[in-house]
Amino acid sequence: MEKDKHLGLRIDSDTHEKLKSLAEFDGRSINGEVLYLIRQAILQHEQKHGKL
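This one's a predicted model, so the numbers in the text were calculated from it and none came from an experiment.

Asks: Help me understand the packing of helix H1 (residues 13-25) against helix H2 (residues 30-49) in this model?
Replies: Packed helices, taken two at a time, are described by the angle their axes make and the gap between the axes. For the pair H1 and H2, the least separation of the axes is 9 Å and the interaxial angle reads 90 degrees. Taken as axis vectors, H1 and H2 run roughly perpendicular relative to one another. For the pair formed by H1 and H2, the contact residues are His16, Leu19, Lys20, Leu22 and Ala23 on the first element and Ile30, Glu33, Val34 and Leu37 on the second. When the residues that make up the contact of H1 with H2 are grouped by side-chain class, the tally is six nonpolar, one polar and two charged.

Rendered as structure tokens:
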């Protein structure tokens, strides 16, 4: 079984605070919110351009 990958990410303070607010609103951790947003972007891309 492959282990989860680690991704370091630098973001500015304003974006971090807004991301934190989004995550709290949706009942997620910041990490969970980032994964959710990435998965949504992939889904939208695949719907438009086909599976990756």
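There's more to say after this.
Asks: Looking at this structure, I do not really get the pattern of salt bridges. What am I missing?
Replies: Where charged atoms from two side chains of opposite charge come close, those side chains can pair. Enumeration over the complete set of coordinates arrives at five salt bridges. Between Asp14 and Lys18 there is a salt bridge, with the nearest N and O atoms lying 3.4 Å from each other. Taken as a pair, Asp14 and Lys18 lie in helix H1 at a separation of four residues, close to a single helical turn. Under the relative-accessibility criterion, Asp14 is labelled partly exposed at 46%. Residue Lys18 is classed as exposed on the basis of its relative accessible area of 53%. With a closest N to O distance of 2.9 Å, Arg28 and Glu33 form a salt bridge. Judged by relative accessible area, which is 29%, Arg28 ranks as partly exposed. Among the charged side chains, a network of salt bridges with common partners joins Asp26, Arg28 and Glu33.

The rules behind these values
Residues numbered from 1 in each chain as written. Predicted model: local features only at pLDDT ≥ 70, side-chain atom pairs only at ≥ 80, totals over all residues. Heavy atoms only, no water. Axes fitted to C-alpha atoms, helices over the stretch in contact; angles between N-to-C directions. Helix = DSSP H or I, 4+ residues; strand = E, 2+ residues; numbered from the N terminus. Parallel < 35°, antiparallel > 145°, perpendicular 65-115°, else oblique. Contact = heavy atoms within 4.5 Å. Nonpolar A, V, L, I, M, F, W, Y, C, P; charged D, E, K, R; others polar. Salt bridge = Lys/Arg side-chain N within 4 Å of Asp/Glu carboxyl O. Buried < 20%, exposed > 50% of the residue type's maximum accessible area, 1.4 Å probe, protein only.

Geometric descriptors of this kind do not, in isolation, establish any biological role.
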